Amino acid sequence: DAGVIQSPRHEVTEMGQEVTLRCKPISGHNSLFWYRQTMMRGLELLIYFNNNVPIDDSGMPEDRFSAKMPNASFSTLKIQPSEPRDSAVYFCASSLRAWGFEKLFFGSGTQLSVL
Amino acid sequence: KNEVEQSPQNLTAQEGEFITINCSYSVGISALHWLQQHPGGGIVSLFMLSSGKKKHGRLIATINIQEKHSSLHITASHPRDSAVYICVAVLGRGGADGLTFGKGTHLIIQP
């Protein structure tokens with residue numbers, strides 16, 4: 001299996017623009033997670049899906065952030081409008097079953113820079 | 001709210017040394033994860049444990065539920081072990097409120 005695939009690897013955009021990050025989980029995995037990593041706050045869980053349904057989005061920082069999982073093999077994290085403080089590395093991860101008790105598999109991350 | 005403390009924050013050691021990274025948390029948890037983040041940024045999940053000890057190659061993870069403490073050990077350390085190691089405490093069933101991340105331990109193994 002190719003593992004968790006994220007795109008793009010790097011994204012540079014201007015403040016106010018819409019940004020869409022993409023993730024393809026490992027085939028057969030039922031849970032998908034979006035994380036954000038910054039120097040100040042470390043790793044934070046933004047949202048996780050189980051069987052394509054958002055289970056907990058309490059980590060999403062504000063309404064500018066939204067995430068969807070239209071099917072078992074694809075998810076997006078959208079920021080609209082983007083702000084410089086959104087600059088971070090965004091990771092997607094998947095696991096076979098619900099998070100907490102299963103090993104996680106991470107994508108390579110998307111380095112987002114908002115100018 | 002659970003507080004997770006990792007120590008040390010930074011560790012530099014010589015190749016071959018035995019390494020211990022510690023993780024302490026303040027409230028009872030249901031599981032704990034150890035993650036490894038390579039210099040290139042990629043993250044690998046090393047262990048998930050809720051009791052006792054797990055071993056994988058030169059890596060050993062232990063957890064003491066009563067003492068609210070977990071350790072990650074690396075035997076015969078090698079420069080390729082250089083990475084940031086992050087512990088993640090899982091409270092209840094997890095979720096954004098149920099996960100607490102440590103700040104990470106930056107390990108450098110010198111040849």
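Below: a short report on this structure. (Residues numbered from 1 in each chain as written. Chains lettered and ligands numbered in written order. Predicted model: local features only at pLDDT ≥ 70, side-chain atom pairs only at ≥ 80, totals over all residues. Heavy atoms only, no water.)

1. Examining the pattern of salt bridges
All names here are of chain A. Tallied over the full model, the rule gives 9 salt bridges over all chains. Arg41 is paired through a salt bridge with Glu44; the nearest N and O atoms lie 2.6 Å apart. As a salt-bridge pair, Glu62 and Arg85 come within 3.2 Å of each other at their nearest N and O atoms. Of this pair, Glu62 sits in the loop between β6 (53-56) and β7 (65-71) while Arg85 sits in the loop between β8 (74-79) and β9 (88-95), and the two are 23 residues apart along the sequence. Residue Glu62 is classed as partly exposed on the basis of its relative accessible area, which comes to 27%. Connected through salt bridges with shared partners, the residues Glu62, Arg64, Glu83, Arg85 and Asp86 form a single ionic network. (Salt bridge = Lys/Arg side-chain N within 4 Å of Asp/Glu carboxyl O. Helix = DSSP H or I, 4+ residues; strand = E, 2+ residues; numbered from the N terminus. Buried < 20%, exposed > 50% of the residue type's maximum accessible area, 1.4 Å probe, protein only.)

2. With respect to the interface of chain B and chain A
Frequently, the measure chosen for interface size is the accessible area removed from exposure when the parts meet. The partner chain A presents 19 residues to the 22 residues of chain B that form the contact. The interface formed by chain B and chain A holds 0 salt bridges in total. Taken together, the connections running from chain B to chain A amount to 1 residue pair in polar contact (both at pLDDT 80 or more). Looking at the side of chain B that touches chain A, the elements with two or more residues in it are β4 (31-37), β5 (43-49), β9 (83-90) and β10 (99-101) of chain B. Of the residues belonging to the side of chain B that touches chain A, the class tally is 11 nonpolar, 8 polar and 3 charged. (Contact = heavy atoms within 4.5 Å. Polar contact = N/O pair within 3.5 Å; in protein donor to acceptor, adjacent residues only side chain to side chain. Nonpolar A, V, L, I, M, F, W, Y, C, P; charged D, E, K, R; others polar.)

3. Notes on the packing of aromatic side chains
Residues and elements named next belong to chain A. On inspection of all chains with the given rule, the structure shows 5 aromatic pairs over all chains. Note on Phe33 and Tyr35: the rings are 6.4 Å apart at their centroids and 35° apart in plane angle, and the pair reads as tilted. With a relative accessible area of 0%, Tyr35 lands in the buried category. Ring centres of Phe91 and Phe106 lie 6.3 Å apart, and the angle between their planes is 85°; this geometry places the pair in the edge-to-face category. Taken together, the positions of Phe91 in strand β9 and Phe106 in strand β10 (residues 105-106) put the pair 15 residues apart, joining distant regions of the chain. (Phe/Tyr/Trp six-rings, centres within 6.5 Å; stacked < 30°, edge-to-face > 60°.)

4. Some details on the nonpolar core
If you look at soluble globular proteins, the nonpolar side chains tend to sit buried side by side. Within the largest apolar cluster, 23 residues are counted, with the highest numbers of intra-cluster contacts made by Leu32, Trp34, Leu72 and Tyr85 of chain B. Taken together, the elements giving at least two residues each to this core come down to β3 (19-25), β4, β5, β7 (59-64), β8 (69-74), β9 and β11 (105-110) of chain B. Ignoring sequence-local partners within four residues, the contact set of Leu32 of chain B consists of Cys23, Tyr25, Phe47, Met48, Leu49, Ile63, Ser70, Cys87 and Val88 of chain B. Ranked by size, the runner-up nonpolar core spans 21 residues in total, among them Leu21, Met60, Ile79 and Tyr90 of chain A. (Core = buried A, V, L, I, M, F, W, Y, C linked by side-chain atoms within 4.5 Å.)

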